[in-house]
Amino acid sequence: MQETQPAPCPSACVGFAQTLAQYGLRLVREQTHTLQINTGLLCNQSCRHCHLEAGPSRKEVMDRKTMDQVADYAARGGFQTADVTGGAPEMVPGIDHLLTRLAAAVPRVMLRSNLTAITDSDREHLGLLCRDLKIVLVCSLPATHASQTDAQRGSGVMDCSVSALQWLNTLGYGQPGTGLELNLVSNPAGAFMPPDQGRTEERFRRDLQRKWGIVFNSLYTFANVPLGRFRTWLEASGNYEQYVARLTEAFNPEAVTGLMCRNLVSVDWSGELHDCDFHLAKGILLGGMRQHVTKMHSPPIPGASIATAEHCYACTAGSGFT
Amino acid sequence: MTSYYDPQDLARFSEIGKDAPELAAKFFEYYGAVMAEGELTAREKSLIALAVAHAVQCPYCIDAYAKECLEQGSNTAEMTEAVHVAAAIRGGASLVHGLQMRNVVDKLSL
Ligand code: SF4
């Protein structure tokens, strides 16, 4: 198997690799239990922080044959979790088929939603399918205030997201005792670090309940990754240098053990593997070479090295990106 | 430098201790203790600091605490309200001194 080959390190990674070395750390895999599936770059939004530059004009989407190959790999690899992302996976033709197959193949399926694509009138059946398959929803909501949410994700997104969350609540999502998990993800609306996760979760819980009667299970706060559209904005706004410096100075060696790339492998819409979605965005391949799901017999093995790059600093800043 | 205020000077704040290190150390220790999490949360304190920065019109503090408020999870609506609190207290403080003016006028008038 090719998974054990050391990953070549692109030149930009020297800083991060050196930082790890200073702390006597190496970035290697543990048990890989999560298969992250990027279904493509098609999206109904064009968020200003999107590291993948997804949007309405992108054509890259996973076809049905690849969906079947990915679902076969999920079963063959004994993965615990399938994490379906995009773009907006809801817009990918045949997404119902992929979700149904994954739900039969792994114990836990997560669907990342931007909250506006799932409630488009011709896609509401997807919410019902998710409920029936007990799929965990992980939904983007940067703030409980329209100005920051709309600034990051587009005009009118806050109102639409609120309606979507209320609807998901009526389906049972986020409600105690239903087993239907509704989790939120908040990225800062700009070139600054995310607030403390626990406190932010408390505030979101209070604000969403008070303003709109919305309930949810958990909230995750993550730093924005300086790639794609967010990097373009950082450079154009003169924030790039200070933002990268901020991420670098916030390096937390304790966050390294919890990095998602130690337990997750990411497959793109064409079926090629990467260490994570950020490496996928940057075109950094797993083990430095094209490895298609059809050729993989198991998850990458523990001890396999993980390619590093400058954007890895976004994952180790503060409490980390798990 | 084209202005009396240089944003780069914010990062040099600690240099204020150059000729009086003991006093600077006392100040920074006090400052750290005041801003640490206490009965008020760090988020609440940074909003107060932002409001006070506007009241004392310190561009360094506005720069530092606008960023700090964002990183503490405050939104621009909360931050703008904090600035209005500063404005209301400043305005109210001026107006309430009008009573002193009235006292003087009353004393001097027939
Ligand atoms: S970007 Fe983050 S998740 Fe990806 S390899 Fe680097 S540290 Fe790991």
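Higher on the page you've got the structure.
Report on the accompanying structure. The shown structure was predicted, so the numbers you read here are calculated from the model rather than taken from an experiment.

Rules used throughout
- Residues numbered from 1 in each chain as written.
- Chains lettered and ligands numbered in written order.
- Predicted model: local features only at pLDDT ≥ 70, side-chain atom pairs only at ≥ 80, totals over all residues.
- Heavy atoms only, no water.
- Helix = DSSP H or I, 4+ residues; strand = E, 2+ residues; numbered from the N terminus.
- Rg over C-alpha atoms; globule rule 2.2 N^0.38 Å.
- Buried < 20%, exposed > 50% of the residue type's maximum accessible area, 1.4 Å probe, protein only.
- Contact = heavy atoms within 4.5 Å.
- Areas by Shrake-Rupley, 256 points an atom, 1.4 Å probe, with all protein chains shown as cover.
- Lys, Arg positive; Asp, Glu negative; His and termini not counted.
- Charge placed at Lys NZ, Arg CZ, Asp CG, Glu CD.
- Buried area = accessible area lost by both parts, 1.4 Å probe.
- Salt bridge = Lys/Arg side-chain N within 4 Å of Asp/Glu carboxyl O.
- Near = heavy atom within 4 Å.
- Nonpolar A, V, L, I, M, F, W, Y, C, P; charged D, E, K, R; others polar.
- Phe/Tyr/Trp six-rings, centres within 6.5 Å; stacked < 30°, edge-to-face > 60°.
- Lys NZ or Arg CZ within 6 Å of the ring centre and 35° of its normal.
- Patch = residues over 30% accessible without salt bridge, like charges linked within 9 Å, V, L, I, M, F, W, Y side chains within 5 Å.
- Pairing = 2+ DSSP bridges.
- Axes fitted to C-alpha atoms, helices over the stretch in contact; angles between N-to-C directions.

To continue, consider the overall build of chain A. Tallying secondary structure elements over chain A gives 11 helices and 8 strands in all. For chain A, the C-alpha radius of gyration of 19 Å lies close to 20 Å, the compact-globule estimate for 322 residues. Oriented by its inertia axes, the alpha-carbon framework of chain A measures out at about 50 × 45 × 40 Å. Evaluated residue by residue, chain A yields a buried proportion of 57% over its 322 residues. Residue pairs at least 24 apart in sequence account for 75% of intrachain contacts in chain A once pairs closer than 6 positions are excluded. As presented, chain A carries roughly 12,800 Å² of accessible surface, and 50% of it is formed by carbon and sulfur atoms. Separation between the mean location of the 28 positive side-chain charges and that of the 30 negative ones in chain A comes to 1 Å.

Turning to the interface of chain A and chain B, a few remarks are in order. Taken together, the 10 residues of chain A in the interface contact 11 residues of chain B. Interface of chain A and chain B: buried area, both sides summed, is about 960 Å²; carbon and sulfur atoms make up 44% of it. Together, Gln148, Phe192 and Arg203 of chain A form the three largest contributors to the area buried by chain A at its contact with chain B, with a combined 47%. Inspection of the region where chain A meets chain B yields 3 salt bridges.

Below, the discussion takes up the pattern of salt bridges. According to the stated counting rule, one finds 19 salt bridges over all chains in the structure shown. Of the charged contacts in the structure, one is a salt bridge between Arg231 of chain A and Glu235 of chain A, with a shortest N-O distance of 3.0 Å. Of this pair, Arg231 of chain A and Glu235 of chain A are both found in helix α8 (residues 228–236), 4 residues apart, which corresponds to roughly one turn of the helix. Its relative accessible area of 45% is what places Glu235 of chain A among the partly exposed residues. The closest approach of N and O atoms between Asp9 of chain B and Arg12 of chain B, which form a salt bridge, is 2.9 Å. The structure contains a network of salt bridges with shared partners spanning Asp68, Asp72 and Arg101 of chain A.

Near the ligand the following residues occur: Leu259, Met260, Cys261, Cys276, Phe278, His279, Ile306, Ala307, His311, Cys312 and Cys315 of chain A. Within the shell around the ligand, the residues separate by chemical class into 9 nonpolar, 2 polar and no charged.

Residue and element names in this part refer to chain A. Assignment of secondary structure puts Leu184 in strand β5 (residues 182–186). Separated by 87 residues in the primary sequence, Leu184 and His97 have C-alpha atoms spaced 25 Å apart. Leu184 has contacts with Cys139, Leu141, Leu165, Phe204, Leu208, Phe216, Ser218, Leu219 and Tyr220, leaving out every residue within four places of it along the chain.

All right, on to the packing of aromatic side chains then. Under the definition given, this model contains 13 aromatic pairs over all chains. For the pair Tyr23 of chain A and Phe251 of chain A, a centre-to-centre distance of 5.2 Å together with 40° between the ring planes defines the contact as tilted. One end of the pair, Tyr23 of chain A, is in the loop between α1 (14–22) and β1 (34–38); the other, Phe251 of chain A, is in the loop between α9 (240–249) and β7 (264–267), and 228 residues separate them in sequence. Given a relative accessible area of 44%, Tyr23 of chain A falls into the partly exposed group. The interplanar angle of 50° and the centroid separation of 5.6 Å between the aromatic rings of Phe27 of chain B and Tyr31 of chain B together place this pair among those described as tilted. One end of the pair, Phe27 of chain B, and the other, Tyr31 of chain B, are both in helix α1 (residues 21–35), 4 residues apart, so they sit about a helical turn from each other. Classification of Phe27 of chain B by relative accessible area gives partly exposed; the value is 36%. By way of ring pairs, the aromatic residues Phe16, Tyr23, Phe251 and Tyr313 of chain A are connected into one cluster. Over the aromatic face of Phe216 of chain A sits the side chain of Arg205 of chain A, whose NZ or CZ is 4.5 Å from the ring centroid.

For the rest of this paragraph, the subject is a nonpolar patch on the surface. All names here are of chain B. Nonpolar side chains collect at one region of the surface, where Phe13, Ile16, Phe27, Tyr30 and Val34 lie side by side and expose about 510 Å² of accessible area between them. Take Phe13: it is sitting in the segment before α1. Note on Phe13: relative accessible area 40%, which makes it partly exposed.

Residues and elements named next belong to chain A. A two-sided burial pattern is seen for β7, the buried positions comprising Leu264 and Ser266 on one face and Val265 and Val267 on the other. Direction of pairing for β1 relative to β7: parallel, over a ladder of 4 bridges. Residue Leu35 lies in a different strand from β7, and its bridge partner there is Val265. Between the end of β7 and the start of strand β8 (residues 273–274), which pair antiparallel, lie 5 residues, with Gly271 showing a positive phi angle near 95°.

Residues and elements named next belong to chain A. Spatially, β6-β5-β4-β3-β2-β1-β7-β8 is the arrangement adopted by the 8 strands of the open sheet, whose pairing is mixed. Strands at the two margins of the open sheet, each flanked by one partner only, are β6 (218–221) and β8. As defined by bridge partners, strand β4 (residues 136–140) adjoins β5 across 4 bridges and the pair is classed as parallel. Looking at β5, one finds that Leu137 is bridged to Leu182. Lying on the sheet, helix α3 (residues 95–105) is in contact with β1, β2 (81–85) and β3 (108–113); it crosses β2 at an angle near 165°.

So, about the environment of Leu25 of chain A. Residue and element names in this part refer to chain A. Tracing the sequence through the fold places Leu25 in the loop between α1 and β1. Relative accessible area serves as the criterion here: at 25%, Leu25 is assigned to the partly exposed category. Here the alpha-carbon distance between Leu25 and Leu133, two residues 108 residues apart in the chain, equals 40 Å. Leaving out residues up to four positions away in the same chain, Leu25 has contacts with Leu20, Pro253 and Val256.

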